Amino acid sequence: VCVVHNVSQVEPVVSDETEDDPPPPTDGQIKKMKVKELKTFMANRGLKCDDCFEKTDYVNFVKKNRAVPILPSKRPRKVSKEPIDVQWKRVVSDICTEEGVDEKTCKPLLKVVAGSFEMHGRRVAKQLHK
């Protein structure tokens, strides 16, 4: 008997930060998977089969559970292509706006953020030239 564990964690979470789950694999795709791939497929969905010992056991279990969505913690995250210093400047500006901080206070904060990234960039450049 195969058991599904962590069923409470298997609810799909829709977020702008993650892509939709890929379509469930076909029977042919599942049969072509290696045991390691089948185990990874199961782990990404919080599934565990206590009675799976041979590849056919894993294949049959995955076929029965192929529609279970990937756990939110196992989904790949989208990485921004925007430079990190630009992201941090936006974060500081957003905080200043949300908290109602006046411009006199916010401008120096933005300069500190920009300056720290410039200093880091110089340090890295020196290390690369050595």
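Shown above is the structure to which this text applies.
I will try to describe carefully the structure that is included in this document. What you see is a predicted model, and the numbers here were worked out from it, not measured in a lab. (Residues numbered from 1 in each chain as written. Predicted model: local features only at pLDDT ≥ 70, side-chain atom pairs only at ≥ 80, totals over all residues. Heavy atoms only, no water.)

**Describing the packing of helix α2 (residues 35-43) against helix α3 (residues 55-65)**
Between α2 and α3, the least distance of the axes is 10 Å, while the angle of their chain directions is 35°. By crossing handedness, the relation of α2 to α3 is classed as left-handed. Between α2 and α3, the residues in contact are Val35, Leu38, Lys39, Phe41 and Met42 and Lys55, Tyr58, Val59, Phe61, Val62 and Asn65, respectively. Split into classes, the residues belonging to the contact of α2 with α3 amount to eight nonpolar, one polar and two charged. (Axes fitted to C-alpha atoms, helices over the stretch in contact; angles between N-to-C directions. Helix = DSSP H or I, 4+ residues; strand = E, 2+ residues; numbered from the N terminus. Left-handed = near helix turned anticlockwise from the far one by under 90°. Contact = heavy atoms within 4.5 Å. Nonpolar A, V, L, I, M, F, W, Y, C, P; charged D, E, K, R; others polar.)

**A look at the packing of aromatic side chains**
Tallied over the full model, the rule gives zero aromatic pairs. Stacked on the ring of Phe41, the Lys or Arg Arg45 has its end atom at 3.6 Å from the ring centre. (Phe/Tyr/Trp six-rings, centres within 6.5 Å; stacked < 30°, edge-to-face > 60°. Lys NZ or Arg CZ within 6 Å of the ring centre and 35° of its normal.)

**Focus: α3**
For α3, every residue scored as buried is listed here: Tyr58, Val59, Phe61, Val62 and Asn65. Buried residues along α3 cover an arc of 165° about the axis, so they all sit on one side. In this fold, the buried residues of α3 make contact with α1 (27-32) and α2. (Buried < 20%, exposed > 50% of the residue type's maximum accessible area, 1.4 Å probe, protein only. Arc of directions from axis to C-beta.)

**Examining the pattern of salt bridges**
Applying the stated criterion across every chain, the model contains five salt bridges. Residue Arg90 is joined to Glu82 by a salt bridge in which the shortest nitrogen-to-oxygen separation is 2.8 Å. (Salt bridge = Lys/Arg side-chain N within 4 Å of Asp/Glu carboxyl O.)

**Considerations on the state of the cysteines**
As enumerated under the stated definition, the model contains two disulfides in all. Covalent S-S linkage joins Cys96 and Cys106, the inter-sulfur distance amounting to 2.2 Å. On the sign convention where negative means left-handed, the S-S torsion of about 105° between Cys96 and Cys106 marks this disulfide as right-handed. Residue Cys96 is located in helix α4 (residues 84-99), and its partner Cys106 is located in helix α5 (residues 103-129); the two are separated by ten residues in the primary sequence. (Disulfide = S-S within 2.5 Å.)

**Here's the deal with the nonpolar core**
With 13 residues, the main nonpolar core has Leu38, Met42, Phe61 and Val62 as its most contacted residues. Of all the secondary structure elements, the ones that give two or more residues to this core are α2 and α3. Here this core takes four residues from α3, the largest share from any one element. The residues touching Val62, leaving out its near neighbours within four places in the chain, are Ile30, Leu38, Phe41 and Met42. (Core = buried A, V, L, I, M, F, W, Y, C linked by side-chain atoms within 4.5 Å.)

**A word on the environment of Val68**
For Val68, the position within the fold is in the loop between α3 and α4. Take Val68: its relative accessible area is 19%, and that puts it in the buried class. A sequence separation of 23 residues divides Val68 from Arg45, and the C-alpha atoms of the two residues are 6.5 Å apart.

**Here we look at a nonpolar patch on the surface**
Taken together, the side chains of Ile84, Trp88, Val91 and Ile95 define a hydrophobic patch exposed on the protein surface, amounting to about 370 Å² of accessible area. Tracing the backbone shows Ile84 in helix α4. On the basis of relative accessible area, Ile84 is assigned to the partly exposed category, the value being 47%. (Patch = residues over 30% accessible without salt bridge, like charges linked within 9 Å, V, L, I, M, F, W, Y side chains within 5 Å. Areas by Shrake-Rupley, 256 points an atom, 1.4 Å probe, with all protein chains shown as cover.)

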